[in-house]
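Okay, here's what each chain looks like letter by letter:
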Amino acid sequence: MDVSDYSNELQAYLLGHGDDLLAHIIQFNELMMRYQAAIKEVSTKLEILKSDFQMRNRRSSIESIQSRIKKPASILKKLSSRGLEADLETIRTQLSDVAGIRVICPFIDDIYQVAEQLAIQDDIRVLRVKDYIKNPKPSGYRSYHMILEVPVFFMDNKELMQVEVQFRTVAMDFWASLEHQIKYKKDIPDADELVRELKSCADTIAETDRKMLELRRRMEQQKDGQTEKRPPAFPE
């Protein structure tokens, strides 16, 4: 591997473990495999909730489920920024977002319903919740974050693994993707003006989400009213 391909933090880590580098790589890959297994556990639960909701309500509460494992360079950079040692135990105990899942929902109430149904499962432990929908970040960012602990069974043991789950509407995800691109571009002219416009767009998107939820509920109420008025298919 070419050390020049990696961040400064990863370069320092590799150069500092030259003698036992292979053992460190094997152990690191094993830990990442365990995080991937945790993602599969939570993703399966979400897929089941999606199917059950769709069967009961004739619509989907989840548009898509995406996942990722944090890259080694990003892991080491985060440890370095927090002044933490770069070892496997520190990764396990101090970082809660190595394994990440993003759930995209059609409507805001779908987010809270799916999150609640996931949280009440008896093998899930909710460690932390950050509701950036009710309390948006100053930038305008909106999302619902949960840090979960889930048991994963391997051949010789059971491990409790942490997974971060982020819930967004389609509109929130569209905004966040654009904000992410702009945030990490350097030397952008009129950056402050772009930030203000992004915040304005975030507020517009939030209002659109609220209006779309209101329209859906009105349509459901009208449909329920028509169903109640419909005569029985067979005379009693």
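If you're wondering where the values come from, they're calculated on a predicted model, not measured in any experiment.

Visitor: Before we go on, may I ask you to explain the pattern of salt bridges in this structure?
Guide: In a structure, side chains of opposite charge can pair up when their charged atoms sit close to one another. Evaluated as defined, the whole model comprises 19 salt bridges. Here Glu-220 and Arg-59 are joined by a salt bridge, their closest N and O atoms 3.9 Å apart. Separated by 161 residues along the polypeptide, Glu-220 in helix α7 (residues 191-229) and Arg-59 in the loop between α2 (21-57) and β1 (64-69) bring together distant segments of the chain. We classify Glu-220 as partly exposed; its relative accessible area is 32%. Taking relative accessible area as the criterion, Arg-59 reaches 19% and is therefore assigned buried. With a shortest N-O distance of 3.0 Å, Arg-216 and Glu-220 are connected by a salt bridge. Of the two residues, Arg-216 and Glu-220 both sit in helix α7, four residues apart, roughly one turn of that helix. Through salt bridges with shared partners, a single network forms among Arg-59, Asp-109, Asp-110, Arg-216, Arg-217 and Glu-220.

Visitor: Would you mind showing me how to read a positive patch on the surface here?
Guide: Judged by side-chain charge, Arg-82, Arg-128, Lys-130, Lys-137 and Lys-183 come together as a positively charged surface patch. Inspection of the secondary structure assignment puts Arg-82 in the loop between α3 (72-81) and α4 (88-94).

Visitor: Before we go on, may I ask you to explain the environment of Ile-182 in this structure?
Guide: Position of Ile-182 relative to the elements: it lies in helix α6 (residues 170-183). Through-space distance from the C-alpha of Ile-182 to that of Leu-194 is 8.5 Å; in sequence the pair is 12 residues apart.

Visitor: Help me understand unusual backbone geometry in this model?
Guide: Both trends apply: most residues other than glycine have a negative phi, and most peptide bonds are in trans. In this model, Arg-58 sits at a positive phi of 60°, which is unusual for a non-glycine residue. The topology assignment puts Arg-58 in the loop between α2 and β1. Taking relative accessible area as the criterion, Arg-58 reaches 75% and is therefore assigned exposed.

What counts, and where the lines are drawn
Residues numbered from 1 in each chain as written. Predicted model: local features only at pLDDT ≥ 70, side-chain atom pairs only at ≥ 80, totals over all residues. Heavy atoms only, no water. Salt bridge = Lys/Arg side-chain N within 4 Å of Asp/Glu carboxyl O. Helix = DSSP H or I, 4+ residues; strand = E, 2+ residues; numbered from the N terminus. Buried < 20%, exposed > 50% of the residue type's maximum accessible area, 1.4 Å probe, protein only. Patch = residues over 30% accessible without salt bridge, like charges linked within 9 Å, V, L, I, M, F, W, Y side chains within 5 Å. Areas by Shrake-Rupley, 256 points an atom, 1.4 Å probe, with all protein chains shown as cover. Lys, Arg positive; Asp, Glu negative; His and termini not counted. Charge placed at Lys NZ, Arg CZ, Asp CG, Glu CD.

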